[in-house]
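# Residue-level structural notes
Take a look at the letters that make up each chain.
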Amino acid sequence: AQSVTQLDSQVPVFEEAPVELRCNYSSSVSVYLFWYVQYPNQGLQLLLKYLSGSTLVESINGFEAEFNKSQTSFHLRKPSVHISDTAEYFCAVSGVGTDKLIFGTGTRLQVFP
Amino acid sequence: GAGVSQTPSNKVTEKGKYVELRCDPISGHTALYWYRQSLGQGPEFLIYFQGTGAADDSGLPNDRFFAVRPEGSVSTLKIQRTERGDSAVYLCASSLAGEDTEAFFGQGTRLTVV
(Lines give C-alpha, C1' and ligand atoms only; values in the text may rest on other atoms or scores of the structure.)
Protein backbone atom coordinates (compact mmCIF):
# COMPACT_ATOMS: atom_id res chain seq x y z
CA ALA A 1 0.00 0.00 0.00
CA GLN A 2 1.03 3.58 -0.55
CA SER A 3 0.53 6.77 1.43
CA VAL A 4 1.36 10.44 0.93
CA THR A 5 2.09 13.14 3.48
CA GLN A 6 1.90 16.82 2.71
CA LEU A 7 3.09 18.49 5.88
CA ASP A 8 2.03 22.03 5.02
CA SER A 9 -1.69 22.66 4.73
CA GLN A 10 -1.13 26.31 3.78
CA VAL A 11 1.83 28.18 2.36
CA PRO A 12 1.56 31.99 2.13
CA VAL A 13 4.18 33.70 0.02
CA PHE A 14 4.74 37.05 -1.66
CA GLU A 15 4.83 37.37 -5.41
CA GLU A 16 8.24 36.71 -7.01
CA ALA A 17 9.47 34.84 -3.92
CA PRO A 18 10.61 31.20 -4.17
CA VAL A 19 8.40 28.45 -2.83
CA GLU A 20 8.71 24.78 -1.88
CA LEU A 21 5.74 22.52 -1.24
CA ARG A 22 6.75 19.38 0.56
CA CYS A 23 5.64 15.85 -0.21
CA ASN A 24 6.76 12.59 1.33
CA TYR A 25 5.48 9.16 0.44
CA SER A 26 5.70 5.60 1.64
CA SER A 27 5.42 2.48 -0.46
CA SER A 28 6.55 -1.12 -0.41
CA VAL A 29 6.89 -1.13 -4.21
CA SER A 30 8.32 1.17 -6.85
CA VAL A 31 6.19 4.22 -7.49
CA TYR A 32 5.10 6.84 -9.95
CA LEU A 33 4.75 10.33 -8.49
CA PHE A 34 2.50 13.20 -9.49
CA TRP A 35 1.64 16.76 -8.61
CA TYR A 36 -1.87 17.94 -9.41
CA VAL A 37 -3.11 21.53 -9.14
CA GLN A 38 -6.64 22.72 -8.51
CA TYR A 39 -7.31 26.37 -9.33
CA PRO A 40 -10.36 28.03 -7.75
CA ASN A 41 -13.59 26.63 -9.19
CA GLN A 42 -11.75 24.27 -11.52
CA GLY A 43 -11.04 20.55 -11.65
CA LEU A 44 -7.77 18.85 -10.82
CA GLN A 45 -5.09 19.23 -13.49
CA LEU A 46 -1.82 17.35 -13.81
CA LEU A 47 1.12 19.67 -13.17
CA LEU A 48 4.01 17.23 -13.56
CA LYS A 49 4.90 13.60 -13.06
CA TYR A 50 7.82 11.30 -12.42
CA LEU A 51 7.71 7.90 -14.06
CA SER A 52 11.34 6.94 -14.58
CA GLY A 53 14.61 8.34 -15.82
CA SER A 54 15.74 11.78 -14.74
CA THR A 55 14.75 12.47 -11.16
CA LEU A 56 14.14 16.16 -11.90
CA VAL A 57 10.91 16.86 -13.74
CA GLU A 58 9.56 20.21 -14.88
CA SER A 59 6.23 21.74 -15.79
CA ILE A 60 5.54 24.22 -18.55
CA ASN A 61 4.81 27.03 -16.08
CA GLY A 62 8.11 26.96 -14.19
CA PHE A 63 7.48 24.42 -11.45
CA GLU A 64 9.88 21.55 -10.89
CA ALA A 65 9.99 18.54 -8.59
CA GLU A 66 12.76 16.15 -7.73
CA PHE A 67 12.28 12.50 -6.90
CA ASN A 68 14.50 11.57 -3.97
CA LYS A 69 14.27 7.85 -3.37
CA SER A 70 16.45 7.79 -0.26
CA GLN A 71 14.33 10.45 1.43
CA THR A 72 11.08 9.22 -0.14
CA SER A 73 10.27 12.76 -1.15
CA PHE A 74 8.94 14.58 -4.20
CA HIS A 75 9.00 18.24 -3.21
CA LEU A 76 7.60 20.85 -5.60
CA ARG A 77 9.55 24.06 -6.14
CA LYS A 78 9.30 27.29 -8.08
CA PRO A 79 12.01 29.97 -7.98
CA SER A 80 9.61 32.89 -8.43
CA VAL A 81 5.86 32.60 -7.94
CA HIS A 82 3.12 34.62 -9.57
CA ILE A 83 -0.29 35.66 -8.30
CA SER A 84 -1.82 33.20 -10.76
CA ASP A 85 -0.10 30.30 -8.99
CA THR A 86 -2.57 30.65 -6.13
CA ALA A 87 -4.24 27.24 -5.95
CA GLU A 88 -4.46 23.96 -4.06
CA TYR A 89 -1.64 21.55 -4.85
CA PHE A 90 -1.95 17.80 -4.37
CA CYS A 91 0.87 15.29 -4.37
CA ALA A 92 -0.11 11.78 -5.46
CA VAL A 93 1.54 8.39 -5.76
CA SER A 94 0.66 5.20 -7.57
CA GLY A 95 2.44 1.91 -7.14
CA VAL A 96 3.96 0.46 -10.28
CA GLY A 97 1.58 -2.29 -11.33
CA THR A 98 -1.44 -0.58 -9.78
CA ASP A 99 -3.72 1.95 -11.38
CA LYS A 100 -5.06 4.07 -8.58
CA LEU A 101 -3.71 7.36 -7.35
CA ILE A 102 -3.24 7.93 -3.64
CA PHE A 103 -3.42 11.62 -2.82
CA GLY A 104 -2.08 13.73 -0.01
CA THR A 105 -4.31 16.16 1.86
CA GLY A 106 -3.19 19.10 -0.26
CA THR A 107 -1.30 22.36 0.25
CA ARG A 108 -2.99 25.66 -0.35
CA LEU A 109 -0.52 28.07 -1.94
CA GLN A 110 -1.58 31.69 -1.45
CA VAL A 111 0.48 34.26 -3.35
CA PHE A 112 0.20 37.86 -2.15
CA PRO A 113 1.11 40.96 -4.18
CA GLY B 1 -17.13 17.15 -25.16
CA ALA B 2 -13.45 17.82 -24.78
CA GLY B 3 -13.17 16.93 -21.11
CA VAL B 4 -14.65 14.70 -18.43
CA SER B 5 -18.21 15.76 -17.72
CA GLN B 6 -19.99 15.11 -14.43
CA THR B 7 -23.65 15.65 -13.72
CA PRO B 8 -25.22 17.06 -11.72
CA SER B 9 -22.70 19.61 -10.49
CA ASN B 10 -24.58 19.89 -7.22
CA LYS B 11 -26.98 17.50 -5.53
CA VAL B 12 -28.83 17.99 -2.27
CA THR B 13 -30.68 14.99 -0.93
CA GLU B 14 -32.34 13.91 2.26
CA LYS B 15 -30.84 11.32 4.55
CA GLY B 16 -31.97 7.86 3.55
CA LYS B 17 -32.59 8.69 -0.11
CA TYR B 18 -30.97 7.09 -3.16
CA VAL B 19 -28.76 9.12 -5.51
CA GLU B 20 -27.04 8.57 -8.84
CA LEU B 21 -24.04 10.53 -10.03
CA ARG B 22 -23.06 10.42 -13.68
CA CYS B 23 -19.68 10.62 -15.38
CA ASP B 24 -19.02 11.05 -19.11
CA PRO B 25 -15.34 10.32 -19.74
CA ILE B 26 -13.19 11.61 -22.57
CA SER B 27 -13.99 9.71 -25.74
CA GLY B 28 -11.66 6.77 -26.25
CA HIS B 29 -10.51 6.59 -22.65
CA THR B 30 -10.83 3.01 -21.45
CA ALA B 31 -9.92 3.66 -17.83
CA LEU B 32 -12.35 5.44 -15.52
CA TYR B 33 -11.93 6.28 -11.83
CA TRP B 34 -14.19 7.55 -9.07
CA TYR B 35 -12.79 9.48 -6.13
CA ARG B 36 -14.39 11.18 -3.14
CA GLN B 37 -13.04 14.41 -1.68
CA SER B 38 -14.21 15.48 1.74
CA LEU B 39 -13.66 18.99 3.04
CA GLY B 40 -10.00 19.63 3.77
CA GLN B 41 -8.90 16.27 2.42
CA GLY B 42 -7.32 14.99 -0.73
CA PRO B 43 -9.26 12.84 -3.18
CA GLU B 44 -9.86 9.32 -1.86
CA PHE B 45 -9.96 6.43 -4.33
CA LEU B 46 -13.28 4.59 -4.63
CA ILE B 47 -13.30 2.41 -7.75
CA TYR B 48 -11.50 1.89 -11.05
CA PHE B 49 -12.95 0.56 -14.30
CA GLN B 50 -11.03 -0.84 -17.23
CA GLY B 51 -13.60 -1.03 -19.98
CA THR B 52 -16.88 -2.32 -18.61
CA GLY B 53 -15.49 -4.18 -15.63
CA ALA B 54 -14.51 -2.92 -12.21
CA ALA B 55 -10.81 -3.74 -11.97
CA ASP B 56 -10.46 -2.45 -8.42
CA ASP B 57 -13.34 -1.55 -6.11
CA SER B 58 -11.34 -1.70 -2.90
CA GLY B 59 -12.09 1.92 -2.07
CA LEU B 60 -15.86 1.64 -1.89
CA PRO B 61 -16.63 2.31 1.79
CA ASN B 62 -19.53 -0.13 2.16
CA ASP B 63 -22.25 -1.95 0.26
CA ARG B 64 -24.39 1.19 -0.02
CA PHE B 65 -22.01 2.33 -2.75
CA PHE B 66 -22.09 0.77 -6.20
CA ALA B 67 -20.86 1.85 -9.62
CA VAL B 68 -21.51 0.62 -13.14
CA ARG B 69 -20.12 1.24 -16.60
CA PRO B 70 -22.27 -1.01 -18.81
CA GLU B 71 -20.99 0.02 -22.23
CA GLY B 72 -17.46 0.97 -21.31
CA SER B 73 -18.08 4.69 -21.56
CA VAL B 74 -20.50 6.52 -19.23
CA SER B 75 -20.36 5.49 -15.60
CA THR B 76 -22.87 5.94 -12.79
CA LEU B 77 -22.03 5.97 -9.11
CA LYS B 78 -25.01 4.89 -7.02
CA ILE B 79 -25.43 5.52 -3.33
CA GLN B 80 -28.26 3.89 -1.41
CA ARG B 81 -29.70 5.02 1.93
CA THR B 82 -27.54 8.13 1.96
CA GLU B 83 -26.05 9.31 5.25
CA ARG B 84 -24.83 12.76 6.25
CA GLY B 85 -21.28 11.40 6.23
CA ASP B 86 -21.60 10.77 2.50
CA SER B 87 -21.53 14.52 1.89
CA ALA B 88 -18.48 15.27 -0.23
CA VAL B 89 -17.36 16.15 -3.74
CA TYR B 90 -17.37 13.07 -5.94
CA LEU B 91 -14.74 13.22 -8.67
CA CYS B 92 -14.51 11.21 -11.83
CA ALA B 93 -11.37 10.82 -13.93
CA SER B 94 -10.55 9.02 -17.15
CA SER B 95 -7.38 8.01 -18.93
CA LEU B 96 -6.05 5.94 -21.77
CA ALA B 97 -5.06 2.42 -20.81
CA GLY B 98 -1.81 2.17 -18.91
CA GLU B 99 -0.80 2.93 -15.37
CA ASP B 100 1.53 5.76 -16.31
CA THR B 101 -0.90 7.74 -18.44
CA GLU B 102 -2.40 11.02 -17.32
CA ALA B 103 -5.75 10.93 -15.58
CA PHE B 104 -8.07 13.79 -16.55
CA PHE B 105 -10.51 14.89 -13.88
CA GLY B 106 -14.00 16.29 -14.10
CA GLN B 107 -15.11 19.18 -11.94
CA GLY B 108 -16.98 16.88 -9.62
CA THR B 109 -20.45 16.55 -8.15
CA ARG B 110 -20.94 18.19 -4.78
CA LEU B 111 -23.27 15.93 -2.80
CA THR B 112 -24.92 17.29 0.32
CA VAL B 113 -27.00 14.99 2.48
CA VAL B 114 -29.31 16.85 4.84
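Residues numbered from 1 in each chain as written. Chains lettered and ligands numbered in written order. Predicted model: local features only at pLDDT ≥ 70, side-chain atom pairs only at ≥ 80, totals over all residues. Heavy atoms only, no water.

## Structural notes on the overall build of chain B
Along its length, chain B carries zero helices and 11 strands. Shown N-terminal to C-terminal, the secondary structure of chain B runs as helices and strands in the order β-β-β-β-β-β-β-β-β-β-β. Here the C-alpha atoms of chain B give a radius of gyration of 13 Å, agreeing with the 13 Å that 2.2 N^0.38 yields for 114 residues. Across its three principal directions, the C-alpha atoms of chain B cover 40 × 25 × 25 Å. Expressed as a percentage of its 114 residues, the buried residues of chain B come to 44%. (Helix = DSSP H or I, 4+ residues; strand = E, 2+ residues; numbered from the N terminus. Rg over C-alpha atoms; globule rule 2.2 N^0.38 Å. Buried < 20%, exposed > 50% of the residue type's maximum accessible area, 1.4 Å probe, protein only.)

## Quick look at the pairing of strand S12 (residues 107-112) of chain A
Residues and elements named next belong to chain A. Residues Thr107, Leu109 and Val111 line the buried face of S12, whereas the alternating positions Arg108, Gln110 and Phe112 sit on a face that is not buried. Pairing between strand S2 (residues 10-14) and S12: five bridges, direction parallel. If you follow valine 13 over to S12, its bridge partner there is valine 111. Bridge count for strand S10 (residues 87-95) against S12 is three bridges, and the pairing is antiparallel. Within S12, the position partnered with tyrosine 89 by the bridge is threonine 107. (Pairing = 2+ DSSP bridges.)

## With respect to the packing of aromatic side chains
Pairs of aromatic rings are described using the distance from one ring centre to the other and the angle between the two planes. Tallied over the full model, the rule gives 14 aromatic pairs over all chains. Geometrically, the ring pair formed by phenylalanine 103 of chain A and phenylalanine 105 of chain B is edge-to-face, given 6.0 Å between the ring centres and 80 degrees between the ring planes. On the criterion of chain membership, the pair formed by phenylalanine 103 of chain A in strand S11 (residues 102-103) and phenylalanine 105 of chain B in strand S10 (residues 104-105) is interchain, its members lying in two chains. Like phenylalanine 103 of chain A, the residue phenylalanine 105 of chain B is buried in the burial classification. An angle of 20 degrees between the planes, with centres 4.9 Å apart, marks the rings of tyrosine 33 of chain B and tyrosine 48 of chain B as stacked. (Phe/Tyr/Trp six-rings, centres within 6.5 Å; stacked < 30°, edge-to-face > 60°.)

## A closer look at the side chain of glutamine 37 of chain B
Residue and element names in this part refer to chain B. Structurally, the position occupied by glutamine 37 is in strand S4 (residues 31-37). Given the relative accessible area of 12%, glutamine 37 is considered buried. Only 3.1 Å separates the side chain of glutamine 37 from the backbone oxygen of glutamine 41, close enough to count as a polar contact. (Polar contact = N/O pair within 3.5 Å; in protein donor to acceptor, adjacent residues only side chain to side chain.)

## Structural notes on the sheet that holds strand S8 (residues 75-79) of chain B
Residues and elements named next belong to chain B. One open sheet holds the four strands; their spatial order is S1-S3-S8-S7, and the pairing between them is antiparallel. Either end of the sheet is taken by a strand with one partner, and the two such strands are strand S1 (5-7) and strand S7 (65-68). Strand after strand, the sheet turns through a mean of 15 degrees between neighbouring axes, direction not considered. Looking at chain direction, S1 and strand S3 (residues 19-24) are connected through three bridges and run antiparallel. Across the sheet, residue glutamine 6 finds its bridge partner in S3, namely cysteine 23. (Axes fitted to C-alpha atoms, helices over the stretch in contact; angles between N-to-C directions.)

## Here we look at the interface of chain B and chain A
Counting residues at the interface gives 20 residues for chain B and 20 residues for chain A. Taken over both partners, the interface formed by chain B and chain A buries close to 1,600 Å², and the fraction arising from carbon and sulfur atoms is 53%. Counting across the chain B and chain A interface gives one salt bridge. Aspartate 56 of chain B is paired through a salt bridge with lysine 100 of chain A; the nearest N and O atoms lie 3.5 Å apart. If you look at where chain B meets chain A, you find three residue pairs in polar contact (both at pLDDT 80 or more). Of all the secondary-structure elements, those providing two or more residues to the side of chain B that touches chain A are S4 and strand S5 (44-50) of chain B. No other element matches S4 of chain B, which puts three residues into the side of chain B that touches chain A. (Contact = heavy atoms within 4.5 Å. Buried area = accessible area lost by both parts, 1.4 Å probe. Salt bridge = Lys/Arg side-chain N within 4 Å of Asp/Glu carboxyl O.)

Fair warning: the whole summary comes from geometry, so function is off the table for now.
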